[in-house]
Amino acid sequence: MCKKTLLYSEQEKLGAKMVAFAGWEMPVSYTNIIDEHNCVRNNVGVFDVSHMGEVFISGTDALAFLQKLVPQDISRLTALKAVYCQLTNSTGGLVDDLIIYKLEDSKYFLIVNASRLEDDLKWLYSNKLSFDVEIDNQSDNYSMLAVQGPKSVDLMEKLGLERGVQPEFFTIKKVTLAGMNLFVARTGYTGEDGFEIVIKNEDVVDVWKLLLEKGKEYGIKPIGLGARDTLRLEAALHLYGNDLNETTTPIEAGLGWSVAKNKLEDYNGKSVIMKQIKNGVEKKLVGFKMLSKIPARHDYEIYYNNEKVGWVTSGAPSPTLGENIGLAYVKTSCNINIGTIVQVMIRNKFYDAEIVKRPFVKKKNKV
Amino acid sequence: MSAPEGILCAKSHEYILEDNSLFTVGLTDYAVEQLGDIVFVELPEVGSSFVKGEVFATVESVKAASEVYAPIGGKVVEINEKLVESPETLNNEPYGDGWLVKMESETAALDSGDLLEYEDYKEEVL
């Protein structure tokens, strides 16, 4: 039995097509994926992402505890700043990827993947040991909406959050809008400027309606998980379960930028990760585009010089580019680089693909 | 969308329409609606043969690749080349210009036993 977010009946009214995702019944699209995708690239869209997990970490040892869990240096995070990072296991593989927001000294807020919430909590508790921290899973009490697209700034202003007081990129603010207390963060998963709004359950329907109403003049649409996937793929943002899992390290996944090189504290998997930084990795994540009209999909095999050298982790048509794009792991020993032509096996036939730079689509307005 | 009279539908969402012993095979309006934006259609070669239930085509939407099963056995005598250039035709006109293949079938009478008339199919899938 799938869980439903508090917006389920609102979404049904809007004609949403529902799918099961990470134990939740979620809208995959309301009209069609390409229109919704373009709406976020050109205007503004609102996503119900209430399935995601919200976990608060507080206590005297909150910082030390988080330092043990992630390769990022959380000590560098000042109040109300956010950082993208990963929970690593002892071999450097990934338990999950997440955003950590520092609310105040000794109090942090974690937004994690819905599909990983239970495993994350187990992992957090098993690492708690003698740390003086409270792990407070508030996922059942909070809902979350993402407002994404170049016009999201105008929309938030229309809602009463003026430009000057909007949180800056990768920061979070506690604000009161229309009498409701919300967390508003300048983060997202689309490659566009935008906000993620964390809302007490009892207020989410009101905020949803308010966004759709006030957003009309900016061309707002509700956006489903289908477009969320094509948007994040164009921006080459990883999807846990596809591009990341317990056997992929941040270095292999091309997330070396999110690993602190001079962090003094030990963290899970540190020795493996530092060794990979020094000596290199056996597989690496690359971006590719198909040179034919056939989309590559998750798990398809990659060949080079007639040898199987890797596999596709994410693949889909890019509505912005009109080409089929994807992410794949390939063996580093084969010297596959930008411009290399490899073959993707699709239904027992080979189709050429070119290794290209990530992201596939760049943000127009830098925040 | 109204379906043409006389079509028979498989529960796996393919339809057949007979005209002078030639069977036009396509996907139902319900199927294309569920698939969403279709971006690529892979059709079999003319002259290839399939038994009932065998995968004979693949339809790619933005979201996923979906297999299309032969609702009856037979030999492909014509494929809809238009879908190669304009796969969206399948979304817009599943019963018109969006047909997939035309087949000759010697086993049609036997194979179509479990196919449903459109109204019954609709009731089954909705």
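Remember, it's a predicted structure, so these values are computed and weren't measured experimentally. (Residues numbered from 1 in each chain as written. Chains lettered and ligands numbered in written order. Predicted model: local features only at pLDDT ≥ 70, side-chain atom pairs only at ≥ 80, totals over all residues. Heavy atoms only, no water.)

**A short note on helix H4 (residues 117-126) of chain A**
Residues and elements named next belong to chain A.
Argument step 1. For H4, the complete set of buried residues consists of Leu117, Asp120, Leu121 and Leu124. Down the axis of H4, the buried side of the element spans an arc of 100°, and every buried residue falls inside it. Within H4, the exposed residues directed more than 90 degrees away from the buried face are Glu118 and Lys122.
Argument step 2. Check the buried side of H4 and you find it contacts strand S5 (53-58), helix H3 (62-69), strand S6 (82-88), strand S7 (94-104), strand S8 (107-112) and strand S9 (134-137). (Buried < 20%, exposed > 50% of the residue type's maximum accessible area, 1.4 Å probe, protein only. Helix = DSSP H or I, 4+ residues; strand = E, 2+ residues; numbered from the N terminus. Arc of directions from axis to C-beta. Contact = heavy atoms within 4.5 Å.)

**Considerations on the pattern of salt bridges**
Argument step 1. Taken as a whole and assessed by the stated rule, the structure comprises 26 salt bridges over all chains.
Argument step 2. Two residues, Arg41 of chain A and Glu192 of chain A, come together in a salt bridge whose shortest N-O distance is 3.0 Å. Residue Arg41 of chain A is found in helix H2 (residues 33-42), and its partner Glu192 of chain A is found in the loop between strand S12 (180-185) and strand S13 (194-200); the two are separated by 151 residues along the sequence.
Argument step 3. What makes Arg41 of chain A buried here is its relative accessible area of 5%.
Argument step 4. The class of Glu192 of chain A is buried, set by a relative accessible area of 8%.
Argument step 5. In the salt-bridge network here, residues are joined through shared partners; they are Arg297 and Arg347 of chain A together with Glu42 and Glu60 of chain B. (Salt bridge = Lys/Arg side-chain N within 4 Å of Asp/Glu carboxyl O.)

**Brief notes about the packing of aromatic side chains**
Residue and element names in this part refer to chain A.
Argument step 1. Throughout the structure, instances matching the rule amount to 14 aromatic pairs over all chains.
Argument step 2. Judged by centre distance (5.9 Å) and plane angle (45°), the ring pair of Phe56 and Tyr142 falls under tilted. One end of the pair, Phe56, is in strand S5; the other, Tyr142, is in strand S10 (residues 142-148), and 86 residues separate them in sequence.
Argument step 3. By way of ring pairs, the aromatic residues Phe56, Tyr101, Phe109, Tyr142 and Phe183 are connected into one cluster.
Argument step 4. Sitting over the face of the ring of Tyr329, Lys283 holds its NZ or CZ atom 5.7 Å from the ring centroid. (Phe/Tyr/Trp six-rings, centres within 6.5 Å; stacked < 30°, edge-to-face > 60°. Lys NZ or Arg CZ within 6 Å of the ring centre and 35° of its normal.)

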